[in-house]
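Residues per chain are reported as follows:
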Amino acid sequence: SDQGHVPTGGHGGEERDVRHVQGCIAGAGVPVAVAGPVHIVDVARAIADWVLGRIAACEGNIAETEHRASLLDAHQINYCGIWSGLLTGASIAQRGDRTQAIERLAFTAELADSNDFPLCATIARLRAAQLGHDRAGIDAALAWMTGQDIRNPLRMAEVFAPGFPT
């Protein structure tokens, strides 16, 4: 849109009914000066890093998972930090440090919440609850996902955050 990025998310006017785009890949709450232009090639690189990181996590390739998480962090874009946190949580868990993995996932959930990525936040909380054997946390995450019409929440978690011991 030629209307510019709105700090609360989207493009166009500040009022929701005059916005041309309600959401933006730069994220809600990102100040215009910080967001700057987001180039499609950067988005493609980030998606590739996330996909390759998830494949590495599925394969138990900790070094590659951590490498892809690092590349995502380097983008310094909200969704990349969230995806990086999910990958980092998996690699920490694969190294056997459940406590540190739970802490990283809690941080990732907060980051996702503050950037209006509720599914990623819920999946981070689900993975943390699974690692901590927290039945109430698992049930809460699964209930939220089911309430979003996700038919198989555990499979969705495997798509977004693979590589966690079950």
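Everything below is about the structure printed above this text.
What you see is a predicted model; the values in this text were computed from it and never measured.

To continue, consider the overall build of the protein. Within the protein one finds eight helices and two strands. Each helix and strand of the protein, placed in order from N terminus to C terminus, yields the pattern β-β-α-α-α-α-α-α-α-α. The 166 residues of the protein split such that 43% are buried. Here the contacts in the protein between residues at least 6 apart in sequence split such that 47% fall between residues at least 24 apart. When the accessible surface of the protein is split by element, carbon and sulfur atoms take 56% of a total near 8,800 Å².

Its location among the elements puts Asp49 in helix α2 (residues 40-59). We classify Asp49 as buried; its relative accessible area is 8%. Within polar-contact distance, the side chain of Asp49 engages the side chain of Arg68 at 2.7 Å. Setting aside residues up to four positions removed in sequence, Asp49 forms contacts with Arg68, Leu71, Leu72, His75 and Leu87.

In this section: the packing of aromatic side chains. Across all of its chains, the model carries three aromatic pairs by this definition. Between Trp50 and Trp83, the ring centres sit 4.2 Å apart and the planes meet at 5 degrees, which makes this aromatic pair stacked. Within this pair, whereas Trp50 is found in helix α2, its partner Trp83 is found in helix α4 (residues 78-94), the two being separated by 33 residues in sequence. The buried category is assigned to Trp50, whose relative accessible area is 8%. Trp83 gets classed as buried once you look at its relative accessible area, which sits at 11%. Summarising the aromatic geometry, the rings of Trp50 and Phe160 are spaced 5.6 Å apart at their centres and angled 65 degrees between planes, so their arrangement reads as edge-to-face. Of this pair, Trp50 sits in helix α2 while Phe160 sits in helix α8 (residues 153-160), placing them 110 residues apart in sequence. Through a chain of ring-to-ring contacts, the aromatic side chains of Trp50, Tyr79, Trp83 and Phe160 assemble into a single cluster.

How each quantity is defined
Residues numbered from 1 in each chain as written. Predicted model: local features only at pLDDT ≥ 70, side-chain atom pairs only at ≥ 80, totals over all residues. Heavy atoms only, no water. Helix = DSSP H or I, 4+ residues; strand = E, 2+ residues; numbered from the N terminus. Buried < 20%, exposed > 50% of the residue type's maximum accessible area, 1.4 Å probe, protein only. Contact = heavy atoms within 4.5 Å. Areas by Shrake-Rupley, 256 points an atom, 1.4 Å probe, with all protein chains shown as cover. Polar contact = N/O pair within 3.5 Å; in protein donor to acceptor, adjacent residues only side chain to side chain. Phe/Tyr/Trp six-rings, centres within 6.5 Å; stacked < 30°, edge-to-face > 60°.

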